[in-house]
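Chain by chain, the residues:
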Amino acid sequence: MFSQVFPVSDTNGQLNCMNYEDFCHIASVCTEQIGPKCRHFFSPSNFMKFEKDEYGRIVILPFYLYVMRTV
């Protein structure tokens, strides 16, 4: 479900990134479609755990893997 909302990589194989606004958007979509159980993955402190690029974005793949390992 997460990878359908926000693809992990683009058509060229480049890893996609998301900023905090995107992160919050995905949190809203997941909460609507899955329920409030997924909300704890989308806390500000979880976003801060991941390495950020020069624009403050995190790569989606490590976050996605974190969620899959935790579930």
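Located above this text is the structure these notes cover.
Residues numbered from 1 in each chain as written. Predicted model: local features only at pLDDT ≥ 70, side-chain atom pairs only at ≥ 80, totals over all residues. Heavy atoms only, no water.

Looking at the overall build of the protein
Each helix and strand in the protein was counted, giving 4 helices and 2 strands. Taken from N to C terminus, the helices and strands of the protein fall in the order α-β-α-α-β-α. Summarising the internal contacts of the protein: among those between residues at least 6 apart in sequence, 50% fall at separations of at least 24. When the accessible surface of the protein is split by element, carbon and sulfur atoms take 54% of a total near 4,800 Å². (Helix = DSSP H or I, 4+ residues; strand = E, 2+ residues; numbered from the N terminus. Contact = heavy atoms within 4.5 Å. Areas by Shrake-Rupley, 256 points an atom, 1.4 Å probe, with all protein chains shown as cover.)

Describing the environment of Asn-46
Its place among the elements puts Asn-46 in helix 3 (residues 44–48). Residue Asn-46 is classed as buried on the basis of its relative accessible area, which comes to 5%. Each C-alpha atom, one on Asn-46 and one on Tyr-66, is 9.8 Å from the other, the two residues being 20 residues apart in sequence. With near-sequence residues (within four places) excluded, Asn-46 lies in contact with His-40, Phe-41 and Tyr-66. (Buried < 20%, exposed > 50% of the residue type's maximum accessible area, 1.4 Å probe, protein only.)

Here's the deal with the pattern of salt bridges
Working definition: two side chains of opposite charge can pair if their charged atoms are close together. Counted by the stated rule, this structure contains 1 salt bridge. Where Asp-53 meets Arg-57, a salt bridge forms, and the shortest distance between an N and an O atom there is 2.7 Å. By relative accessible area, which is 22% here, Asp-53 ends up partly exposed. Classification of Arg-57 as partly exposed rests on a relative accessible area of 31%. (Salt bridge = Lys/Arg side-chain N within 4 Å of Asp/Glu carboxyl O.)

Some details on the state of the cysteines
Summed over all chains, the structure comprises 0 disulfides. In this structure Cys-30 is not part of a disulfide, and its nearest cysteine sulfur, from Cys-38, lies 4.9 Å away. (Disulfide = S-S within 2.5 Å.)

A short note on the packing of aromatic side chains
This structure, assessed with the given rule, holds 10 aromatic pairs. Between Phe-23 and Phe-63, the aromatic rings sit 5.2 Å apart at their centres with planes inclined by 65°, giving edge-to-face as the arrangement. Here Phe-23 is found in helix 2 (residues 20–33), whereas its partner Phe-63 is found in helix 4 (residues 60–70), with 40 residues between them in sequence. Assigned by exposure class, Phe-23 and Phe-63 land together as buried. (Phe/Tyr/Trp six-rings, centres within 6.5 Å; stacked < 30°, edge-to-face > 60°.)

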